[in-house]
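Structure assessment
Next come the chains, spelled out residue by residue.
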Amino acid sequence: MDFDLADEQSLFKDAIDKLVQKEYGFEQRRRYAAEPEGWSRRVWSQLAEQGFLALPFDEAHGGLGYGPVELMLVNEALGRGLLLEPYLSTVVIAGGALRAGASDEQLALWVPQIAAGELLVSLAYLEKQSRYNLADVATRAELRDGEYRLSGTKIAVLHGDSADRLLVAARTAGARTDEEGISLFMVDADSAGLRRRGYRTQDGLRAADLILSDVAVPAANLVGRIGGGHALLQRASDYAIAALASEAVGCMQAALEMSVDYLKQRQQFGAPISRFQALQHHAADMLVEVEQARSMAMLAALVVDDVDEAERRKTLSAVKVQIGKSGRIVGQLAVQLHGGIGVTEEYAVGHYFKRLTMIESQFGDGEHHLTKIAAAGGFVSVTP
Amino acid sequence: MNFQPDPADQAFREEVRAFLREQLPVDVAARNRRGFHPSKEDELWWTQLLYRRGWSAPHWPVEYGGTGWSPQRRFIFEEECFLAGAPPTCAAGFSLLGPVLYTYGSDDQKARFLEPTRRGEIFWGQLFSEPNAGSDLASLKTTAVRDGDHYVVNGQKTWTTEGHYADWLFCLVRTDSSSKPQRGISFLIIDAKSPGVTIRPIVSIDDAHTLNETFLDNVRVPVANRIGEENAGWSYAKLLLEHERAFSAEVPRNKRLLSQLKHIAALALDGGARLIDDPLFSSRIAEAEIELRALEWLTLRALADMDHGADAGRPVGSVLKVRGSELIQKIGALIVEALGPYGLIAYPELDFETLPGPEAAAGKTADFLYRRAVTIYGGSNEIQRNIIAKGFLGL
């Protein structure tokens, strides 16, 4: 086990940190948010040029073949900068599902486009009724005349409004909540019968609802085994949790640093408020939470590709619970320590709080994952 | 960064397990896992057994009989021993005094004390806190006045853990009251049998005797028993507290408590139903499991830093202490809750079988009560938060 960055990893981290620092000041971010798509195509091109979009994909398919540790470093930097670009949706989540299930031919076709920043893909899996159950899919796909026909509704598809393609989970067999019988389809965003409505999410990112009415999809765009899509959704969820964990650590670290700076500057009762022990202890508690969360983000990087599925899933559930809890404490205390300006739109700290809060409700909240860990029997063996 | 565990460490863990299976009798293990305070006999017997294997002071430098293990291996060793129910060894001697002695002691002092400590022939007691010097330890008032080649020591010390087992004591005394509080302190070792040393029990809220108060009444201590320079004792004491920081979370204790909690929750104590099947209770157990997992990883990070001799760039000891101690209390409270009515019974250490309840109930509520101290000793959790805020965040 080695917790120090290898030389190449250091270069990597420096590169992404530098990019975020240069391009993602809080005022710059505000301008990107006002662009038509709600994020910056220019920053996206830079991420592509520097190879960050190719990061986790196999070299054989046109990627760079890096592992979860490098992805952790990148996502932490993105969290620190509160990036608005569709990295999570395209590279991590849809990319994760594709890595898990797409054929070599499909990957050889799509990965170079993703790596070049020319193809945005969003995974459309959530439905009105599904909450955190990945198996709850009512959208249906039928094979007719050699192509699939998709009908149904999807909600809160991350960056679904700017996506070029949507990776849609649809049922080809089974009842609404069966794990077996879900299939994934790569659907062109401009397909006939597909309507999208984009909207802003509370954390300043974008999402879209989709209505699919008999949308035609070529059979070649089926991703993975017919009926075997649930496993791919789970892999996408694994990657998402690991990425959200490191993104959250970036957010938390930034929120802690901002709060500490603020405590030193803000004067009340004729002295900097950093003198007050009640506030010092809040800051200390934030640091404790950041360290716990960071440990769990590292653990996520270790297990995200673990072949032992039960162990992997259980551990990632633990990661998600800890990240949610730490994020809640750090985000809320950061706002509290800032006082009134903490609840204003014009000050960055509230935006970290918002992102941390939204991370909690992505891919299962604490409650959901706690139940899963309990059902799986936890980690420690039972002895008298 | 590469988080894959080292296979050689896993092999080492197996070696330790095999040793424990062979050497640790079942009754001793059961006794020590129960949660009552260990006996001096068990502690010394185990130390002597470890000594024969060369493992009684694993973290000391090899020239003083240590093993040369990495901090990670030492952690594995301690975890396996604790989980198996091995008696502890004298923490005051091995973890606190030892490092001060081999770092600052004279050759003569090292020769006199290190080897017998390692052999399990000397039991040590620590005399730091005083009735009016707790968190503010530097304000201690016990005095040592030079009289020829002796110091004459007067004062009162408290919270002397296992002081009634001690053959020798190490003590912070004031040798200069004219300068800043931290600068006039010296570090003495005192024979517990010296005239004027009186050790009295303090019975703790678990109705047990492990703590003591120690009175020092004109105790004559040879100057040769001072460690290091006169008036420099504070810095030695700080080193001693620093040394153990990566171990501050007590991961092994947390793990053992959690495994016992799960055992108790799996007993059919509620009209034939098991608490572990109750979704609410089982998710509270799961919460503790997650915290422990994070704590374990934080510890692994701290051990890696220790291995490199690197400054972690974060207040590792304080973070681990705060989280580890709070988790011990949280799990302890869940255990008491899981026991239901059996949590009320004051089981004696001997003959607890004559009282109702599952065997696993004995010692548990008592241990929960005693462990209220973990957020108080070794620098209270509020002091730890001060250290994080002031020493690290610069507030």
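None of the values given here were measured: they were computed from a predicted structure. (Residues numbered from 1 in each chain as written. Chains lettered and ligands numbered in written order. Predicted model: local features only at pLDDT ≥ 70, side-chain atom pairs only at ≥ 80, totals over all residues.)

**A look at the overall build of chain B**
Rule in force here: Each helix is a run of DSSP H or I of at least 4 residues and each strand a run of E of at least 2, with the numbering of both proceeding from the N terminus. Throughout, the radius of gyration refers to the C-alpha atoms, and the reference size of a globule is 2.2 Å times the residue count to the power 0.38. Residues with at least 20 other C-beta atoms within 10 Å of their own are called buried, those with 12 or fewer are called exposed, and the rest are partly exposed. The C-beta atoms themselves are positioned from the backbone.
Across its full length, chain B carries twelve helices and eight strands. Taking 395 residues into account, the globule formula puts the C-alpha radius of gyration at 21 Å, and chain B, at 22 Å, falls close to it. Scored against the burial criterion, the 395 residues of chain B give a buried share of 46%.

**Let's talk about the overall build of chain A**
Short version of the rule: Our contact criterion uses C-beta atoms placed from the backbone: two residues qualify when those atoms are within 7 Å.
Secondary structure summary: chain A contains eleven helices and ten strands in total. By the compact-globule yardstick of 21 Å for 384 residues, chain A fits well, its C-alpha radius of gyration being 21 Å. Put simply, chain A has 384 residues, and 54% of those count as buried. Nonlocal contacts in chain A, meaning residues at least 24 apart in sequence, comprise 74% of its contacts between residues at least 6 apart.

**A closer look at the interface of chain A and chain B**
We apply this condition: Basically, the charged four are Asp, Glu, Lys and Arg, the nonpolar ten are Ala, Val, Leu, Ile, Met, Phe, Trp, Tyr, Cys and Pro, and anything else, Gly included, counts as polar.
Contacts between the two partners involve 39 residues from chain A and, on the opposite side, 40 residues from chain B. Looking at the side of chain A that touches chain B, the elements that each hand over two or more residues are helix H7 (229-265), helix H8 (277-303), helix H9 (309-338) and helix H11 (366-375) of chain A. Here the element with the most residues in the side of chain A that touches chain B is H8(A); it accounts for 14 residues. Partitioned by chemical class, the residues of the side of chain A that touches chain B number 25 nonpolar, eleven polar and three charged.

**Things to note about unusual backbone geometry**
Residue and element names in this part refer to chain A. Here the phi dihedral of aspartate 214 falls at roughly 55°; this positive angle occurs in a residue that is not glycine. Relative to the assigned elements, aspartate 214 resides in strand E7 (residues 206-218). Positive phi values are uncommon outside glycine, yet phenylalanine 269 reaches one of about 55°. Taking the number of C-beta atoms within 10 Å as the measure of exposure, phenylalanine 269 has 8 and is therefore exposed.

**Quick word on the domain arrangement of chain A**
Residues and elements named next belong to chain A. Rules: Start and end positions for the domains come from either an automated domain assignment or a database one.
Assigned domains of chain A: these are domain 1 (7-118), domain 2 (122-227) and domain 3 (230-375). Each of domain 2 and domain 3 has a C-alpha centre, and the two are 30 Å apart. In this complex, domain 2 contributes 15 residues to the contact, which on the side of domain 3 involves twelve residues.

**Quick word on the nonpolar core**
Operational definition: The nonpolar core is taken to be a set of buried Ala, Val, Leu, Ile, Met, Phe, Trp, Tyr and Cys residues joined by way of C-beta atoms within 7 Å.
In terms of nonpolar packing, the biggest core is built from 187 residues, with A:Leu167, A:Phe185, A:Ala245, A:Ala283 and A:Ala300 touching the most fellow members. Ranked by residues supplied to this core, first place goes to H7(A) with 20 residues.

**Quick notes on H11(A)**
Every buried residue of H11(A) is accounted for by A:Gly366, A:His369, A:Leu370, A:Lys372, A:Ile373 and A:Ala374. Of the surrounding elements, those touching the buried residues of H11(A) are H9 and helix H10 (348-360) of chain A together with helix H9 (279-308) of chain B. Within two residues after H11(A), A:Gly377 carries a phi angle of roughly 85°, on the positive side.

**Quick word on the packing of H8(A) against helix H10 (residues 316-339) of chain B**
Under the convention used in this document: Fitted lines through C-alpha atoms serve as axes, helices being fitted only where they are in contact, and the angles separating the N-to-C directions of these axes extend from 0 to 180 degrees. An angle below 35 degrees is treated as roughly parallel, one above 145 as roughly antiparallel, one from 65 to 115 as roughly perpendicular, and anything else as oblique.
At a minimum axis separation of 10 Å, H8(A) and H10(B) run at an interaxial angle of 85°. By the angle class used here, H8(A) and H10(B) are roughly perpendicular. Here H8(A) contributes A:Leu287, A:Val288, A:Glu291 and A:Gln292 to the contact with H10(B), which in turn contributes B:Val319, B:Val322 and B:Arg323. Taken together, the residues that form the contact of H8(A) with H10(B) break down as four nonpolar, one polar and two charged.

**Concerning the pairing of strand E5 (residues 182-188) of chain A**
Note on strand geometry: in a regular strand, side chains alternate between the two faces of the sheet. Residue and element names in this part refer to chain A. Formally: A pair of strands is considered paired only if DSSP assigns at least 2 bridges between the two.
Counting buried positions along E5 yields six of seven residues, so the element is predominantly enclosed. Pairing of strand E4 (residues 165-171) with E5 involves seven bridges; the strand directions are antiparallel. Note on E5: the bridge partner recorded for leucine 167 is methionine 186. Bridge count for E5 against strand E8 (residues 222-223) is two bridges, and the pairing is antiparallel. Bridge pairing in E8 places leucine 184 opposite valine 223.

**What to know about the confidence of the model for chain B**
The cut-off we apply is this: The quantity called pLDDT is the predictor's confidence in a given residue, expressed from 0 to 100.
For chain B, the average pLDDT comes to 95, and 100% of its residues sit at 70 or higher. The ipTM for the predicted assembly is 0.93, set against a pTM of 0.95.

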